[in-house]
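Fold and geometry: a report
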Amino acid sequence: QVQLVESGGGLVQPGGSLRLSCAASGSIFSIYGMGWYRQAPGKQRELVATITRGGRTNYADSVKGRFTISRDNAKNTVYLQMNSLKPEDTAVYYCNADIVTMSAGMHGYWGQGTQVTVSS
């Protein structure tokens, strides 16, 4: 069984910073793409950033230049450094990963979400 556990969310003032972490655990053989998505109240879940196993990154236009995604393959962990936060960044942030297990092959897994609130 695989679990993704996010941490690092919270309340921050506009212009502030937060760092999210997402650690994968369980019977993992390999992890391919990892990413962060977010869902604001009344809106659909949207892509924030993704990163390949080799480190290639992709960002939503709305976060380019402010957010940085990175990963530590040895720790099965992906990070999202969020700087210059805006009220419109307020959402529940979800971690996603394409994980290969010996029993089930490759599947996409989601974390439980962590709340980020940007407000003065």
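For the structure, check the block above.
Per chain, residues are indexed from 1 in the order of the written sequence. This being a predicted model, a pLDDT of at least 70 is required before a residue's local features are given, and a value of 80 or more before pairs of side-chain atoms are given or counted; all residues contribute to the totals for chains, interfaces and linings. As a convention, hydrogens and water are excluded, and side-chain values are obtained from all of the structure's heavy atoms.

Moving on: the environment of D72. Examined against the element boundaries, D72 turns out to sit in strand 7 (residues 67-72). Sequence separation between D72 and S17 is 55 residues; the distance between their C-alpha atoms is 20 Å. Pairs of residues are marked as contacts when any of their non-hydrogen atoms sit within 4.5 Å. In contact with D72, not counting residues within four places along its chain, are T77 and Y79. Strands are runs of DSSP state E lasting at least two residues, helices are runs of H or I lasting at least four, and both sets are numbered from the N terminus onward.

One speaks of a salt bridge when a side-chain nitrogen belonging to Lys or Arg is within 4 Å of a carboxyl oxygen belonging to Asp or Glu. Tallying each qualifying case throughout the model produces four salt bridges. Residue R38 pairs with E46 through a salt bridge whose shortest N-O separation is 2.7 Å.

Side-chain atoms within 4.5 Å link the members of a nonpolar core, which is a set of buried Ala, Val, Leu, Ile, Met, Phe, Trp, Tyr and Cys residues. Burial here depends on accessible area, computed with a 1.4 Å probe over protein chains only, as a share of the maximum for the residue type. Under 20% is buried, over 50% is exposed, and the range in between is partly exposed. Residues W36, L80, M82 and Y93 are the most contacted members of the largest nonpolar core, which totals 30 residues. Elements with a minimum of two residues in this core: strand 1 (2-7), strand 3 (18-26), strand 4 (30-39), strand 5 (46-51), strand 7, strand 8 (77-82), strand 9 (91-101) and strand 11 (114-118). The biggest single contributor to this core is strand 9, with five residues. When neighbours within four sequence positions are excluded, L80 is seen to be in contact with L18, R19, L20, W36, V48, A49, F67, T68, I69 and Y93.

Attention now moves to the environment of T90. Locating T90 in the fold gives a position in the loop between strand 8 and strand 9. Distance in space between the C-alpha atoms of T90 and V63 is 12 Å, their sequence separation being 27 residues. Sequence-distant contacts of T90, defined by excluding residues within four places in its chain, comprise A40, Q115, V116, T117 and V118. Among the polar contacts listed, one links the side chain of T90 to the backbone nitrogen of V118, at a separation of 2.9 Å. Here a polar contact means two N or O atoms within 3.5 Å. Within protein one must be a hydrogen donor candidate and the other an acceptor candidate, and residues neighboring in sequence count only if both atoms are side-chain atoms.

Turning next to the side chain of T114. Mapping T114 onto the fold places it in strand 11. Owing to a relative accessible area of 12%, T114 belongs among the buried residues under this scheme. At a separation of 3.4 Å, a polar atom in the side chain of T114 contacts the main-chain amide nitrogen of G9. The contact partners of T114, leaving out residues within four places of it in the chain, are E6, G9, L20, A91, V92 and Y93.

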